[in-house]
Every structure is written in structure tokens, then in C-alpha cells.
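The lines below spell out each chain.
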Amino acid sequence: MIRFFAAPIAAMALLLAGAADASAAGMIDFTGTSSTGYLGGGGASPIPRSTVMYPTNYAPGTIVVNTTERRLYLVLQNGQALRYGIGVGRDGFRWGGVHRITAKKEWPDWTPPSQMLSRRPDLPRHMKGGIENPLGARAMYLGSTLYRIHGSNEPETIGQAVSSGCFRMTNDDVSDLYSRVSVGTTVVVLNN
């Protein structure tokens, strides 16, 4: 009787050990995400997130977007900030100013604004949230503007000037930022 159960138990132990090795290697875990981002969510950023020295007069918790550097900073205590790589607006679509996050959404739907549809009539009129949606895993809406800080399923665009004015991050990075900020957070966009 013991032999009857020994083989299946040994096989299960090997299977679990292999899954643990795969998970530790960043391949997959049992929650449906990989350690490098959401499944199908675009992978790792070509510009890794890091903590940097960032002396500033902005209060901790403020988001500072530097469109020239193509970096987003979340101001921390003690002259530090979390620095993320971002995609910014193409020439003619960059902007600056101060706004607040007025809404946050997970896997948001996307409805292209009329200005975008007039330039790109081939775009869908509405797209449900999900892996294929260009807003990615999370979106933070900026004031009464049409702009957002949002995810992307195209990590190769991070560090590039590619959007119509929104700020793109990898799904992994935007999910990290999303978890650290709230509605009402100040967002300063520098466009030097």
C-alpha cells in the first residue's frame, strides 16, 4: 500500500520543485503574473526602476515628469525619489503644467479622443480593458486633461517620444506607481 502512494507523491514533489525553480527564475508564479510583469503585459522596462538622489522642494509623494529626460520621479523622503522610465509625447504633443490625479483605474477601457480619431480614423471607437488595450494594466487620469499616466504592452517604447501626450510605463512599473499614489496626488510635468 505504501508503494502505491510513494510514486505519485514523489512525482508531485518533483513537479512542485520544478515550478518553484521556474518561479524563482522569474518565469511564472501561480497568481497568473510573472516576476517581470503581467502575462502578455509587455515585459521588463528597458530603463529599470531605481531609487536615486533627487534633491527638490517638491513634497514627498509628488510625481515629477521630466519629458526631456523621459523619466518620471516619485519624490520620497530624505532627498530621494523612485525613478521610472517613460514614453512621452511626440514632437508637437509634449506639454507641461501641474495637475492632480483625479481618477485611478485597473485594466481601464480606452475611448480615443476625437482629436486622435481625426488623425487616425483606423483606430477603434472603444476598446475594453485587457492585455491588448493600449492603456495597459493601470491608468492614472490627470486633472481635466485628456492625458494619463498609463501602462503599455509595448516596452520598447519606454524612453521614446511616441505618444499623443500621455506618459507610458511598462505594466510592471505603472502597477508599482499605482500602488504608491492616490487620487489627489500632485503631478508636475516639466517640458523644458
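Residues numbered from 1 in each chain as written. Predicted model: local features only at pLDDT ≥ 70, side-chain atom pairs only at ≥ 80, totals over all residues. Heavy atoms only, no water.

Quick look at unusual backbone geometry now. The phi angle at arginine 70 is positive, at roughly 60 degrees, despite the residue not being glycine. Relative to the assigned elements, arginine 70 resides in the loop between strand E4 (63-66) and strand E5 (71-75). Residue arginine 70 is classed as partly exposed on the basis of its relative accessible area of 24%. Here the phi dihedral of asparagine 78 falls at roughly 60 degrees; this positive angle occurs in a residue that is not glycine. Its location among the elements puts asparagine 78 in the loop between E5 and strand E6 (80-85). (Helix = DSSP H or I, 4+ residues; strand = E, 2+ residues; numbered from the N terminus. Buried < 20%, exposed > 50% of the residue type's maximum accessible area, 1.4 Å probe, protein only.)

Within the open sheet, the nine strands sit side by side as E3-E6-E5-E4-E13-E8-E9-E10-E12. Their pairing is mixed. On the outer flanks of this sheet lie strand E3 (50-53) and strand E12 (167-168), each paired with one strand and no other. Note: E3 against E6, four bridges, orientation antiparallel. Pairing of valine 52 across the sheet is with alanine 81, part of E6. Where helix H3 (residues 171-180) meets the sheet, it contacts E4, E5, E6, strand E8 (97-106), strand E9 (138-142) and strand E10 (148-150), and its direction lies at approximately 55 degrees from that of E9. (Pairing = 2+ DSSP bridges. Contact = heavy atoms within 4.5 Å. Axes fitted to C-alpha atoms, helices over the stretch in contact; angles between N-to-C directions.)

Within the largest apolar cluster, 21 residues are counted, with the highest numbers of intra-cluster contacts made by Ile63, Leu72, Ile149, Phe167 and Leu177. When contributions to this core are tallied by element, the ones reaching two or more residues are E4, E5, E6, E9, H3 and strand E13 (186-190). Of the residues forming this core, the biggest block, three residues, is contributed by H3. Apart from the residues lying within four places of it in its own chain, the contact partners of leucine 177 are Ile63, Leu72, Leu74, Tyr84, Met140, Ile149 and Met169. In terms of nonpolar packing, the next biggest core, distinct from the first, is built from seven residues, Leu123, Leu135, Ala139 and Tyr141 among them. (Core = buried A, V, L, I, M, F, W, Y, C linked by side-chain atoms within 4.5 Å.)

Among the secondary structure elements, threonine 102 is positioned in strand E8. For the pair threonine 102 and tyrosine 141, spaced 39 residues apart in sequence, the C-alpha separation works out to 5.7 Å. A polar atom in the side chain of threonine 102 sits 3.3 Å from the backbone oxygen of glycine 143. (Polar contact = N/O pair within 3.5 Å; in protein donor to acceptor, adjacent residues only side chain to side chain.)

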